[in-house]
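Residues per chain, in single letters:
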Amino acid sequence: QVQLVESGGGLVQAGGSLKLSCAASGRTFSNYIMGWFRQAPGKEREFVASINQSGGSTRYADSVKGRFTISRDNAKNTVYLQMNSLKPEDTAVYYCAALSDPFYKDYRGPGAYKYWGQGTQVTVSA
């Protein structure tokens, strides 16, 4: 079992920045591929970014590539999402998620991830 707790959400103006954190507890954090997803009202949950166990490989949705950066600190059992140049369309509840697979693949479907946090709200005003 892995418990995930997100923090760092809030209200920011368009063009601003936020850094989300997701603290993990339970099983060995460094064994897990980590992902960030988001869900806007009335929309499906969508992939934002993922990172492999060591932090050396990452993948991003096209909509955030070049603006968002995912990273992790295995010593602190934490994964981060640095969000720059925020747009109103980035407004959503952001979730971190974890999955266990020794091989890092292009996991973009929410169904692939076993553990989820409760989410943190990000609101970007125009």
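Our structure's up above, just so we're on the same page.
The structure displayed is predicted, hence computed values, not measured ones.

Thresholds, definitions, all that
- Residues numbered from 1 in each chain as written.
- Predicted model: local features only at pLDDT ≥ 70, side-chain atom pairs only at ≥ 80, totals over all residues.
- Heavy atoms only, no water.
- Helix = DSSP H or I, 4+ residues; strand = E, 2+ residues; numbered from the N terminus.
- Contact = heavy atoms within 4.5 Å.
- Buried < 20%, exposed > 50% of the residue type's maximum accessible area, 1.4 Å probe, protein only.
- Pairing = 2+ DSSP bridges.
- Core = buried A, V, L, I, M, F, W, Y, C linked by side-chain atoms within 4.5 Å.
- Phe/Tyr/Trp six-rings, centres within 6.5 Å; stacked < 30°, edge-to-face > 60°.
- Lys NZ or Arg CZ within 6 Å of the ring centre and 35° of its normal.

(A) Summary view of the environment of glycine 15. Structurally, glycine 15 can be placed in the loop between β2 (10–13) and β3 (18–26). Linking glycine 15 and phenylalanine 29, residues 14 residues apart in sequence, is a C-alpha distance of 32 Å. Not counting residues within four places of it along the chain, the set of residues in contact with glycine 15 comprises Ser85 and Leu86.

(B) Layout of the pairing of strand β7 (residues 68–73). Burial of the side chains of β7 is restricted to one face: Phe68, Ile70 and Arg72 are buried, whereas none of Thr69, Ser71 and Asp73 on the reverse face is. As judged from the 6 bridges shared by β7 and strand β8 (residues 78–83), these two strands associate in the antiparallel manner. Paired with isoleucine 70 across the two strands is leucine 81, which belongs to β8. In this structure, the hairpin formed by β7 and β8 is closed by a connection of 4 residues, where asparagine 77 is found at a positive phi of approximately 55°.

(C) Region of the structure containing the nonpolar core. Formed by 38 residues in total, the largest nonpolar core has its most connected members in Leu4, Trp36, Leu81, Met83 and Tyr94. Secondary structure elements with two or more residues in this core: β1 (2–7), β3, β4 (33–39), β5 (46–51), β7, β8, β9 (92–99) and β11 (120–125). The greatest single-element share of this core, amounting to 6 residues, is contributed by β9.

(D) Here's a closer look at the packing of aromatic side chains. In the structure shown here, the tally under the stated rule is 6 aromatic pairs. Ring centres of tyrosine 32 and tyrosine 115 lie 6.1 Å apart, and the angle between their planes is 75°; on these two criteria the pair is classed as edge-to-face. Taken together, the residues span a long stretch of sequence, with tyrosine 32 in the loop between β3 and β4 and tyrosine 115 in strand β10 (residues 115–116) at a distance of 83 residues. Plain terms: the ring middles of tyrosine 95 and tryptophan 116 are 6.4 Å apart, the flat faces sit at 80° to each other, and that makes the pair edge-to-face. Highlighted residues: tyrosine 95 in strand β9 and tryptophan 116 in strand β10, separated in sequence by 21 residues. Take tyrosine 95: its relative accessible area is 13%, and that puts it in the buried class. For tryptophan 116, a relative accessible area of 26% gives the class partly exposed. Ring pairs connect the aromatic residues Phe37, Phe47, Tyr95, Tyr113 and Trp116, which therefore count as one cluster. Between the NZ or CZ atom of lysine 19 and the centre of the ring of tyrosine 80, over which it lies, the distance is 4.6 Å. Note that arginine 45 overlies the ring of tryptophan 116, its terminal NZ or CZ placed 4.8 Å from the centroid.

Any functional reading would require information that these geometric values do not contain.
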